[in-house]
Amino acid sequence: MIENRDRLATTDARDLTLECLEAGIAAGHPRRVIREAVSLEGRDRLRVADGTGNLAQYDLTQYDEIIVLGGGNAAAHVAAALEDVIGDRIGGGVVVTDDPAETDRVAVLEGDHPVPSQRGVESTRELLAAADAADERTLVLAAITGGGSALVSAPAGDVSLEDLQLTTDALLESGADISEINAVRKHCSALKGGQLARRVAPATVVSLLLSDVVGNDPSVIASGPTVPDGSTFADAIAVFERYEIDVPEAVVDRLERGAAGEIPETPDADDPVFETVETYVVADGTTVLEAAREVALERGYEPLVLSSRVRGEAREAATTHVAIAEEVLATGVPLSPPAVLLSGGETTVTVAGDGTGGPNQEFATSAAIELVDGRSLEGEITVAAVDTDGIDGATDAAGALVDGTTVEDRETARTALRNNDVSPYLAERGELIRTGATGTNLNDLRVVVVETKATDGD
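Residues numbered from 1 in each chain as written. Predicted model: local features only at pLDDT ≥ 70, side-chain atom pairs only at ≥ 80, totals over all residues. Heavy atoms only, no water.

A. View of the sheet that holds strand E2 (residues 45-49). Overall, antiparallel pairing links the three strands, which are arranged E1-E2-E3 in an open sheet. The sheet is open, and its two edges are formed by strand E1 (38-41) and strand E3 (55-59), each paired on a single side. In this sheet, neighbouring strand axes are inclined to one another by 25° on average, regardless of whether the strands run parallel or antiparallel. Here five bridges tie E2 to E3, and the two strands are oriented antiparallel to one another. Bridge pairing in E3 links Leu46 to Tyr58. (Pairing = 2+ DSSP bridges. Helix = DSSP H or I, 4+ residues; strand = E, 2+ residues; numbered from the N terminus. Axes fitted to C-alpha atoms, helices over the stretch in contact; angles between N-to-C directions.)

Put into structure tokens, the structure is as follows:
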């Protein structure tokens, strides 16, 4: 899975770190997740279970057609997995993604991420056409994964694709969190914020969500195309004001008209379109963390999941992670080495420079700077951070792996951080982790291996 694994795995700690990453990413792959969550009982009864034990059954004889609709980085893999489980009962459908997979019945169309594109708009038109053809005898399996907000793009009203692109760029560079970004996206779209559910009504909708957001709020995952939206036009305007973002006039005009009541709000929980919609979060960041934790146990390390909800500035989160690792070495609190600290969530970057990188690469660089000061401790700390979809920011790297040997000149590393240009810095040191598109998109995964100098890692 990790293309440059041999180059990175130069110590036992690094090898363990990479093994934890690979196990986590593999555990979250849609083929494994769907196989565990969706099954057929006989030929006519569909069973769906989420990670909390909720179970539902659907009598397929009540439907004339079963289709798959959706989008996101992993949506094609979800569609392929559903075909594996349900087979020829699926009559068609459309998913939009940037990571295609081979399917027999569902059309896999391409878009772009993290900024929407023309081909994404064209693909989404076909998705909406398929949605409009659904009726009360249609069962819609909605494949919704992270990345859908950008990939599935349907500009609303007078908002153009260029307007969306400029707005998306400004939001991504502002430091706004995903809930805030998606509040804007929903109100500039003809599909997000429950509006896909409105298009397919009165069809029955089974939404299968693979969550890449902290807290698993279904309305935030891919901007919630099939679930109620609690955000408003006024909330979207507040995001621009909070982060002092300049956006195109057409976007401002639409949001202000919506706030004034001139444009209908996105459907909320009281809207009757949701009477035939059920939503299941079938995988999330915990799925990834538990798999990584099992690897650590098997290798004889004491694992601790710090949190599945880490957020905020990446470089600041890194400082905290290293501080906890140093405490483990110095005092054996909150656990004794050899240990593996794990965390998930989604950190952000407030962009001030014009370089290349991503949140996980900034996390790793910041951690590496801190590790220089920890060299006097009687132990070693190894840190890795990746985006589980294999794409950190807008780069071709998933993230990076660092230890106390990565940084030789702290000022050079700090300059790379200040300029938001850590990707070239890490590439020069051979510390970037490259996986290509993984098919998994369940948020970030961070692994911190802590061992005393006497630990052999076995």
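B. Inspection of the sheet that holds strand E7 (residues 138-145) at higher detail. What the six strands build is an open sheet, ordered E6-E5-E4-E7-E8-E9; its pairing is parallel. Edge positions in the open sheet fall to strand E6 (107-110) and strand E9 (277-283), since each of these has one partner strand only. Going across the sheet, the axis of each strand differs from the next one's by a mean of 15°, ignoring polarity. Where strand E4 (residues 65-71) and E7 come together, seven bridges link them in parallel fashion. Residue Leu69 lies in a different strand from E7, and its bridge partner there is Ala142.

C. Representation of the packing of aromatic side chains within the structure. Inspection of the entire model under this criterion finds zero aromatic pairs. Across the ring face of Tyr425, the terminal group of Arg429 is positioned such that the distance to the ring centre comes to 3.6 Å. Cation over ring: Arg446 sits above Phe363, and NZ or CZ is 5.6 Å from the ring centre. (Phe/Tyr/Trp six-rings, centres within 6.5 Å; stacked < 30°, edge-to-face > 60°. Lys NZ or Arg CZ within 6 Å of the ring centre and 35° of its normal.)

D. Spatial organisation of the pairing of strand E5 (residues 90-97). Most of E5 is tucked away, with seven of its eight residues classed as buried. Two strands pair when backbone bridges link them, and E4 and E5 are joined in this way by six bridges, in the parallel orientation. What sits directly across from Val68, in E5, is Gly93. This β-α-β element, E4 to helix H4 (residues 75-86) to E5, shows right-handed connectivity. Here four bridges tie E5 to E6, and the two strands are oriented parallel to one another. Counterpart to Val94 in the pairing with E6 is Ala107. (Buried < 20%, exposed > 50% of the residue type's maximum accessible area, 1.4 Å probe, protein only. Right-handed = clockwise from strand over helix to strand, strands pointing away.)

E. Looking closely at the layout of surface pockets. By volume, the largest pocket amounts to about 1,000 Å³. For the lining of the largest pocket, the elements supplying multiple residues, two or more each, are helix H6 (148-151), helix H7 (161-174), helix H8 (178-186), strand E11 (339-348) and helix H14 (359-373). It is H8 that contributes the most residues to the lining of the largest pocket, four residues altogether. Its residues assigned to classes, the lining of the largest pocket shows 16 nonpolar, 21 polar and twelve charged. (1 Å grid on protein atoms, 1.4 Å probe; cavity = no way out; pocket = protein on both sides within 12 Å on 5 of 7 lines; lining within 4 Å. Points joined across faces, edges and corners; volume = space filled by probe spheres on them. Nonpolar A, V, L, I, M, F, W, Y, C, P; charged D, E, K, R; others polar.)

F. Inspection of the packing of helix H3 (residues 30-37) against H4 at higher detail. The interhelical angle for the contact between H3 and H4, taken along N-to-C directions, is 40°, at an axis separation of 8 Å. For the element pair H3 / H4, the angle class is oblique. Viewed along their axes, H3 and H4 form a crossing whose handedness is right-handed. Judged by residue contacts, Pro30, Arg31 and Ile34 of H3 engage His77, Val78, Ala80, Ala81, Leu82, Asp84 and Val85 from H4. By residue class, the composition of the contact of H3 with H4 is seven nonpolar, one polar and two charged. (Parallel < 35°, antiparallel > 145°, perpendicular 65-115°, else oblique. Left-handed = near helix turned anticlockwise from the far one by under 90°. Contact = heavy atoms within 4.5 Å.)

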